[in-house]
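Here is what each chain is made of, one letter per residue.
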Amino acid sequence: MLIRPHDRLEDRATALEFLAAQGFGHLAASGEGHDVPVVVPTQFVVDGDHIVLHLAAANPVFARLEERPRGILSVAGDWAYIPGGWKAIGDEDPALGIPTTYYGAVQVIGDVTIVDGDEIAEVLRTQVRTLEPESDLADPSTHRAKFRVIRGLRLAMDDVRAKFKYGGNVDQAHREAVAARLRTRNGPGDLAAAAHVPGVTS
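These notes cover the structure that comes with them. Everything quoted here is computed from the prediction, not taken from an experiment.

Reading the values: rules and limits
Residues numbered from 1 in each chain as written. Predicted model: local features only at pLDDT ≥ 70, side-chain atom pairs only at ≥ 80, totals over all residues. Heavy atoms only, no water. Pairing = 2+ DSSP bridges. Helix = DSSP H or I, 4+ residues; strand = E, 2+ residues; numbered from the N terminus. Expected span 1.5 Å × (residues − 1). Buried < 20%, exposed > 50% of the residue type's maximum accessible area, 1.4 Å probe, protein only. Contact = heavy atoms within 4.5 Å. Salt bridge = Lys/Arg side-chain N within 4 Å of Asp/Glu carboxyl O. Lys, Arg positive; Asp, Glu negative; His and termini not counted. Polar contact = N/O pair within 3.5 Å; in protein donor to acceptor, adjacent residues only side chain to side chain. Core = buried A, V, L, I, M, F, W, Y, C linked by side-chain atoms within 4.5 Å. 1 Å grid on protein atoms, 1.4 Å probe; cavity = no way out; pocket = protein on both sides within 12 Å on 5 of 7 lines; lining within 4 Å. Points joined across faces, edges and corners; volume = space filled by probe spheres on them. Nonpolar A, V, L, I, M, F, W, Y, C, P; charged D, E, K, R; others polar.

1. Quick notes on the pairing of strand 6 (residues 100-115)
Working note: regular strand, side chains alternate between the two faces of the sheet. Looking at chain direction, strand 5 (residues 70-82) and strand 6 are connected through eleven bridges and run antiparallel. Counterpart to Leu 73 in the pairing with strand 6 is Val 108. With seven bridges joining them, strand 6 and strand 8 (residues 159-165) adopt antiparallel strand pairing. Bridge pairing links Gly 104 to Phe 164 in strand 8. As paired strands, strand 6 and strand 7 (residues 150-156) are joined by four bridges and run antiparallel to one another. When the sheet's bridge partners are listed, Ile 114 is paired in strand 7 with Leu 153.

2. Looking at helix 4 (residues 172-185)
For helix 4, spanning 14 residues, the distance from its first C-alpha to its last is 20 Å, which sits close to the expected 20 Å at 1.5 Å a residue. Of all the positions in helix 4, only His 174, Arg 175, Ala 177, Val 178, Ala 179 and Leu 182 are classed as buried. If you follow the buried residues of helix 4, they end up packed against strand 5, strand 6 and helix 5 (190-196). In the segment just after helix 4, Asn 186 is the residue with positive phi, at about 50°.

3. Examining the pattern of salt bridges
Enumeration over the complete set of coordinates arrives at twelve salt bridges. We note a salt bridge from Glu 66 to Arg 151, for which the minimum N-O separation is 2.9 Å. On the criterion of sequence distance, the pair formed by Glu 66 in helix 2 (residues 61-67) and Arg 151 in strand 7 is long-range, its members being 85 residues apart. The class for Glu 66 is exposed, based on a relative accessible area of 51%.

4. Observations concerning the side chain of Lys 163
Tracing the backbone through its elements, the reader meets Lys 163 in strand 8. In this structure, Lys 163 is buried with no salt-bridge partner, the nearest side chain bearing the opposite charge being Asp 7 at 4.8 Å. From its side chain, Lys 163 meets the backbone oxygen of Leu 2 in a polar contact 2.8 Å long. Here the side chain of Lys 163 touches Tyr 103 through a polar contact of 2.9 Å, side chain to side chain.

5. Observations concerning the environment of Leu 2
Considering the arrangement of structural elements, one finds Leu 2 in the segment before helix 1 (12-22). On the accessibility criterion, Leu 2 (54% relative accessible area) is exposed. For the pair Leu 2 and Lys 163, spaced 161 residues apart in sequence, the C-alpha to C-alpha distance is 8.5 Å.

6. Thoughts on the nonpolar core
Counting residues in hydrophobic clusters, the biggest one holds 39 residues, and the most contacted among them are Leu 19, Ile 51, Val 61, Val 106 and Leu 182. Dropping the residues within four chain positions of it, Ile 51 is found in contact with Leu 19, Phe 44, Val 45, Val 46, Leu 73, Val 108, Leu 153, Arg 154, Leu 155 and Met 157. Counting residues in each nonpolar core, the second largest holds nine residues, with Val 52, Val 115, Leu 124 and Phe 147 among its members.

7. Quick look at the layout of surface pockets
Of the pockets and cavities examined, the largest pocket occupies roughly 310 Å³. Forming the walls of the largest pocket are 16 residues, and the residues nearest its centre are Leu 124, Val 128, Leu 137, Ala 138 and Pro 140. If you tally residues by element for the lining of the largest pocket, the top one is helix 3 (residues 120-131), at four residues. For the lining of the largest pocket, the per-class residue count stands at eight nonpolar, three polar and five charged. If you trace the second largest pocket, you find 14 residues lining it, with Lys 87, Thr 100, Lys 165, Gly 167 and Asn 169 closest to the centre. Counting only elements with at least two residues in the lining of the second largest pocket, the list comes to strand 6, strand 8 and helix 4. Residues of the lining of the second largest pocket, tallied by class, amount to four nonpolar, five polar and five charged.

Here it is in structure tokens:
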């Protein structure tokens, strides 16, 4: 993805916090010699320096990963449409405002380890531990007979690219005006987007 300097998020910890909070993204793998990659919508969890997830064993992404065990997971969220008129302050003409969309996006690129057999239980434990920390579910090994129809994978976070497009290209006064309007509109994603606007406190 294109990341302009004013949208680049250098803080890896913040990028991983955003990644974990989204929890759902698209995993892509190109394999070798294919025109287009396989792209899989999937739930995932962050486990240290890895992305952990499981998929149906029949998923075509595994064939691509067996050809070349490298993939990319892409997430985007906390997005909000910004009408052009919102970007006008003072005596500026709202009709000349240029609309845009605020959003955060993180892409993780790395080597992939496919997990099969009894080791799938640990993948499932990691997911349940993260998503249902107070759950009293039976240990995943209880369902070992079903492991044959799923495969796990661990994506190493070799390269983390993060883009926070929240008005970093304009001055503080214009950022504050947009953030205030987001909080007033309070539609889906508006408050989250406003909270990411640089230098603006809610």
